[in-house]
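# Working through the structure, step by step
Now for the letters of each chain:
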Amino acid sequence: MTIGSLVSLMRGSVWQVFKLAAPVLGTALVVGLIIAIFQATTSIQEQTLTFLPKMLVILAALALLGGWMFASMRGYTLNLFEMIPQLAK
């Protein structure tokens with residue numbers, strides 16, 4: 001196992017984590033920003049107002065993208081298992 005292959009393996013894993021987390025975190029960020037703007041314009045300073053909409057949007061994003069996330073993670077994991085004989089050399 002060379003340093004180049006190790007760096008490539010680490011780069012792939014970081015990219016996979018980013019690819020899986022970005023849609024869910026992005027939707028939570030957008031909803032949080034919209035609610036924060038709403039709270040600032042109406043002077044409503046209720047802390048629990050942001051919790052339920054964010055939770056619902058995150059659950060909806062996971063429900064919509066869950067199949068794609070699972071397929072992507074499955075493909076990456078199968079690729080890792082196929083690399084094991086090459087790494088043992």
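## Things to note about the packing of aromatic side chains
One pass over the full model with this rule turns up 1 aromatic pair. Aromatic pair W15 and F18: ring centres 5.5 Å apart, planes at 35°, arrangement tilted. Separated by 3 residues within a single helix, W15 and F18 lie in helix α1 (residues 3-42), roughly one turn from each other. Classification of F18 as partly exposed rests on a relative accessible area of 48%.

## Points about helix α2 (residues 51-87)
An ideal rise of 1.5 Å per residue puts 54 Å on 37 residues; α2 reaches only 45 Å between its terminal C-alpha atoms. Along its length, α2 reaches its greatest deviation from straightness, about 60°, at L65. Within the span of α2, buried status applies to A61, M69, S72, Y76 and M83.

## Let's talk about the packing of α1 against α2
Where α1 contacts α2, the axes come no closer than 11 Å and their chain directions differ by 175°. With respect to α2, the element α1 is oriented roughly antiparallel. Residues belonging to the contact of α1 with α2 are distributed by class as follows: 19 nonpolar, 6 polar and 2 charged.

## Quick word on the environment of M73
With respect to the secondary-structure elements, M73 resides in helix α2. Under the relative-accessibility criterion, M73 is labelled partly exposed at 36%. Apart from residues lying up to four places away in sequence, M73 is in contact with Q16 and L20.

## Remarks on the environment of P23
As for its placement among the helices and strands, P23 is situated in helix α1. For the pair formed by P23 and M69, sequence separation is 46 residues and the distance between their alpha carbons is 10 Å.

## A few points about a nonpolar patch on the surface
Taken together, F51, L52, M55, L56, L59 and L62 make up a surface patch of nonpolar side chains, about 570 Å² in accessible area. Among the secondary structure elements, L56 is positioned in helix α2. Judged by relative accessible area, L56 falls into the partly exposed class, the value being 48%.

Definitions and limits used
Residues numbered from 1 in each chain as written. Predicted model: local features only at pLDDT ≥ 70, side-chain atom pairs only at ≥ 80, totals over all residues. Heavy atoms only, no water. Phe/Tyr/Trp six-rings, centres within 6.5 Å; stacked < 30°, edge-to-face > 60°. Helix = DSSP H or I, 4+ residues; strand = E, 2+ residues; numbered from the N terminus. Buried < 20%, exposed > 50% of the residue type's maximum accessible area, 1.4 Å probe, protein only. Expected span 1.5 Å × (residues − 1). Bend = angle between axes of the 7 residues up to and from the residue. Axes fitted to C-alpha atoms, helices over the stretch in contact; angles between N-to-C directions. Parallel < 35°, antiparallel > 145°, perpendicular 65-115°, else oblique. Nonpolar A, V, L, I, M, F, W, Y, C, P; charged D, E, K, R; others polar. Contact = heavy atoms within 4.5 Å. Patch = residues over 30% accessible without salt bridge, like charges linked within 9 Å, V, L, I, M, F, W, Y side chains within 5 Å. Areas by Shrake-Rupley, 256 points an atom, 1.4 Å probe, with all protein chains shown as cover. Salt bridge = Lys/Arg side-chain N within 4 Å of Asp/Glu carboxyl O.

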